[in-house]
Structure formats: structure tokens, C-alpha cells
Amino acid sequence: MRILLYTGKGGVGKTSISAATAVRCAELGYRTAVLSTDPAHSLGDSFDRRIGSQMVELAPNLWGQEIDLLSQMDQYWGTVQSYLNALFMWQGMDSLVAEETAVLPGMEELASLMQITSLAESGRFDVIIIDAAPTGSTLQLLSFPDIARWYIEKIFPFQRKTIQLARPMVKRMTDMPLPDDEIFDSIEELVSFLERMSKLLSDGRVSSMRVVLNPEKMVVKEAQRAYTYLNLYGYSVDAVICNRVFPRSIADQYFDAWKSAQAQNLELVHECFYPLPILEAPFFEQEVIGIPMLRQMAAAVFGAEAVRGGEGDPTRHYYIGKPQEIFRNGAHYVLSLPLPLVERSEVHLHRSIFDELIIRIGNWKRNVALPMGLARLDIAGAKYEQDRLNIYFKINEATPEISEEELKPNRWESLKARFRRS
Ligand SMILES: Nc1ncnc2c1ncn2[C@@H]1O[C@H](COP(=O)(O)OP(=O)(O)OP(=O)(O)O)[C@@H](O)[C@H]1O
Ligand SMILES: [Mg+2]
């Protein structure tokens, strides 16, 4: 099973590339689903037909869906949301405002990622292609359980057990709505869903993120940031798709300036995204609409020859790298992060009380949830080594040997425990 997620700045061609990838995958015989999570859906436009919030068959082996955020949210977040609604109204909020407020930022995107997880777990598809909105906030939320915890604890600053004990007393003192078992069950389920989703999307064997861009300076700069973020969050980015490249065969003088600007920017793309492969799609003479045009676009991007499992197969791993590693190096444990695009100025490290490591490089900031094994060690320093930032944790005599398990603990466990029935 493969999950391919396309992201990039508005208008660069994410939807077209997603649809083109889907057409080729289906034609190679993969059971393919293509989903758009952008509320302003345009997947239907690419296929030149209506695609609704229900999965529809678009061609043999090919299904599409434009995820309807509201019904998704209802399904996954409904119980919790109605409680929040009641709570906010109790606090004197107007019911409409309460309803709006109960929708937390990022929840919409989260709801669509949940739908993807359900589909992935259903076993119905070999490939799931996601035409994603160009924000990274949800991916960030997913890759750091500590961020999810912060979110969830902000809303539910109590544990199930505490509430069970305090309920009779609180009931006598106030008529504030208290979360009941059903709500705790919902949150527990939600957290376990987040955990599965996070595992799925950060597993490079399953999921690859691809950055779509155009050979324009501003677009490349923005894509650069997205790429660094995805790397920082530990997702596997395996390719860059450079769309709307003027064919070199164009002889018209009118395009000369454009062509030379594009050539320069293409060079920039190669410099910025090294060592990722840069796949190119030409600027076509017409819009990319309908299956024949999508097929043509896929041939340009992935190679004219479509061979399942080989060259020209969009599901192959275009690059295999290590987004984040922890290893022992003599008297140190090393947390190694790829930092392909950050200017190498001084590294500032700061530890929060939540066992997080906050890394700051110039304006750059990263928040790493440290595995337990590392959290109790002192930091000896940070070094740029080749294209990685290596953070050294000092092992002293008192340090017990850290087991493999401890280095990769189930970081979601403690969050789930808060809401679990005892
Ligand atoms: N290589 C290309 N040649 C010609 N037209 C293209 C090409 N790529 C995309 N287009 C056209 O450009 C328009 C925008 O493309 P698309 O909808 O795929 O971008 P997007 O990144 O999904 O945009 P949004 O951010 O708004 O969702 C569409 O009309 C599409 O047909
Ligand atoms: Mg789009």
C-alpha cells in the first residue's frame, strides 16, 4: 500500500498532478483512490465531471472523492464537539459562536487525514493519492504527540479518573457540564486514531510526500520552506515535481526571456532540493482536463514508458532517505536530523519541561519530542555534519544502558492513558 501526498503553493498544479498520478496508477492496475482535502475542491474539474463527497468510480481501478469536511468532522469529532458546544454555551456564549468555536484550528484538515487513515486501513486500495491543501500545520500536529497533547489537554485539562472522583462534588457546586464516559471514550478513540495516522504518514515505506512547484523564484522559495518543514517533522519527501516548464523546443522569440528565467530557476530547484529527483511537466498548450490530457501529463512526469514496479511507476520510491535517526557514537547518543536548506548559523538548543528539545537556527525553530532515553541526558552540543544537524547527548557513568525500546518508545501511550477507562 502506498500513500502519495502532493503539496505546494496555490495554483502550481497540485490537483492536476494528483489526478495525473492517479490515472497512471489505475492504468498500471493498482486499485487507486484520489482524494482532495482542499475545501475549494477542483478534482472534479481535472476529470471534467462531478465528484462528490462520496467515493465515485472514475475509470476502471480508479475512484475519487472530494472530502466533505463537515460530515467528516461530525463522524470523528461529533461527540466531543457537542460537549464543547454545551460547555461554551454554559459559559454564556451565543450558540452559533459556540458552534464555531468548538471547531478547533487544524481540525478540518485533521478530519480529512482521518478519512485517509480509514481508507488505508480498509485494504480496498493499493494506492491512495492525496491532493492536499498547502498548509503543514496538521502534519506538524501529527508528528509530535506533544503538540497533540498540548491541544487536547488545553480542552480537557482533566483525566477520566479525576472527573469520576470529583463529579459528585462538582455537581453540587455548579451546573457546569462535565464530560461523561462517552466523551472520554471518544477522545481515547481520537488519540488512538491520531497515533495510527501519524505512524502511517511518517512511515516512509508507505507514505511519500511530493512537493509540486513551478520554475518561479517565489514559488521555489515557498516550496523550499515546505520541504524543510516536512523534513523537520520526519516525513519522507521523495520527489519534487516541477510543473509548467516551457519546452526547450519552443523557438518563438517572445518566450526567450521566460525560457532563460526558467532555466535559471530550474537550476535553483536542483540546488535547493538536492538529492531529490526533480520530475518535470511541460507547460501544455491547453489546460490539463480530462483523462487523455492527464495521461499525457503523467507520461511527461513519470516517463513515457509505464512499467509496473519499475521506471515510470508513480508508486516507486524516488528517494529513500533517513529523516531522523538516533544512534550511539562512543560516549554520546546522537539525534541526527537532515537540514537541507537552513543557513548554517549558530544552533540554539533549549529543553522544555515536556521533554521537548527546541532547536533554533536563526529564525528557524524546531520542537522535537525527545524519546525518554534521551530526555534524561545532558546535551553536549550540536554539529553540522555533511547535510545533517547532529545533536550530541552525553552518556555518563550513571547513565544506564538505553534499550532500543526506550529510544523508540510509544510516545502516544501516555496521552491515551489519560482518557482510558481504568
Ligand atoms: N503543465 C500545465 N500546462 C497547462 N496547464 C496546466 C498545467 N498544470 C496545470 N495547469 C492548469 O492550471 C490550472 C491550475 O492547476 P491546478 O488546479 O492543478 O493547481 P492547484 O495547485 O491544484 O491549484 P489550487 O492551489 O488552487 O488547488 C488548471 O486549470 C490546470 O488545468
Ligand atoms: Mg487544487
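Whatever comes next refers back to the structure up there.
Residues numbered from 1 in each chain as written. Chains lettered and ligands numbered in written order. Predicted model: local features only at pLDDT ≥ 70, side-chain atom pairs only at ≥ 80, totals over all residues.

A.B. asks: Quick question: what am I supposed to make of the overall build of the protein chain here?
C.D. replies: Scanning the protein chain for helices and strands turns up 15 helices and 15 strands. Considering the protein chain as a whole, with its 422 residues, one finds that 36% of them fall into the buried category. Taking contacts inside the protein chain between residues at least 6 apart in sequence as the whole, the part at least 24 apart equals 71%. (Helix = DSSP H or I, 4+ residues; strand = E, 2+ residues; numbered from the N terminus. Buried ≥ 20, exposed ≤ 12 C-beta atoms within 10 Å, placed from the backbone. Contact = placed C-beta atoms within 7 Å.)

A.B. asks: What am I meant to see in the sheet that holds strand β9 (residues 325-329) here?
C.D. replies: Hydrogen bonds between backbone groups are what pair the strands of a sheet, and the pairing can be parallel or antiparallel. Read from one edge of the open sheet, 4 strands run β9-β10-β15-β14, paired in antiparallel fashion. Each end of this open sheet is capped by a strand with a single partner; those strands are β9 and β14 (378-385). The average undirected angle you get between the axes of adjacent strands in this sheet is 25°. Where β14 meets strand β15 (residues 388-394), 7 bridges bridge the pair, whose relative direction is antiparallel. Each residue of the ladder has a partner; that of Ala382, found in β15, is Ile391. (Pairing = 2+ DSSP bridges. Axes fitted to C-alpha atoms, helices over the stretch in contact; angles between N-to-C directions.)

A.B. asks: What am I meant to see in the packing of helix α1 (residues 14-27) against helix α12 (residues 291-302) here?
C.D. replies: The relative placement of two packed helices is expressed as an angle between their axes plus a distance between the axes. The geometry of α1 relative to α12 is characterised by a closest axis approach of 8 Å and an angle of 90° between their N-to-C directions. Considering the angle they form, α1 stands roughly perpendicular to α12. Here Ser16, Ile17, Ala19, Ala20, Thr21, Val23 and Arg24 of α1 come into contact with α12, specifically with Ile291, Leu294, Arg295, Met297, Ala298, Val301 and Phe302. When its residues are assigned to classes, the contact of α1 with α12 shows 10 nonpolar, 2 polar and 2 charged. (Parallel < 35°, antiparallel > 145°, perpendicular 65-115°, else oblique. Nonpolar A, V, L, I, M, F, W, Y, C, P; charged D, E, K, R; others polar.)

A.B. asks: Looking at this structure, how should I read α12?
C.D. replies: One turn of an α-helix holds 3.6 residues; hence residues three or four places apart share an orientation. The terminal C-alpha atoms of α12 lie 16 Å apart, and with 12 residues this matches the ideal 16 Å at 1.5 Å per residue to within 8%. In this fold, the buried residues of α12 make contact with α1, α2 (43-47), β3 (56-59), β7 (237-245) and β8 (278-282). The positive-phi residue at the C-terminal boundary of α12 is Gly303, with phi of around 110°. (Expected span 1.5 Å × (residues − 1).)

A.B. asks: Explain the site of ligand 1 to me, please; I cannot follow it from the model alone.
C.D. replies: Lining the immediate surroundings of ligand 1 are 17 residues, of which Gly10, Lys14, Thr15, Ser16 and Glu287 lie closest. At the level of secondary structure, the elements contributing two or more residues to the shell around ligand 1 comprise α1 and β7. Partitioned by chemical class, the residues of the shell around ligand 1 number 6 nonpolar, 7 polar and 4 charged. (Near = placed C-beta within 6 Å.)

A.B. asks: I keep staring at the sheet that holds strand β1 (residues 2-7) and nothing clicks. Help me out?
C.D. replies: Reading across the sheet, the 8 strands line up as β3-β4-β2-β5-β1-β6-β7-β8 and stay open at both edges, with mixed pairing between neighbours. What marks the edges here is a single partner per strand, and that holds for β3 and β8. Taken over all neighbouring pairs, the strand axes of this sheet differ in orientation by 25° on average, direction set aside.

A.B. asks: Sorry, what's going on with the nonpolar core here?
C.D. replies: Counting 80 residues, the largest nonpolar core has Val23, Ile128, Ile130, Leu213 and Val240 as the members making the most contacts within it. Here the element with the most residues in this core is helix α9 (residues 181-202); it accounts for 8 residues. Counting 13 residues, the second largest nonpolar core, distinct from the first, contains Tyr333, Leu335, Ala382 and Leu389. (Core = buried A, V, L, I, M, F, W, Y, C linked by C-beta atoms within 7 Å.)

A.B. asks: Looking at this structure, I do not really get the environment of Arg196. What am I missing?
C.D. replies: Tracing the backbone through its elements, the reader meets Arg196 in helix α9. A residue is classified by how many C-beta atoms lie within 10 Å of it, and Arg196, with 16 of them, is partly exposed. Along the sequence, Arg196 and Glu121 sit 75 residues apart, while their C-alpha atoms lie 9.6 Å from each other.

What is shown is where atoms sit, not what they do.
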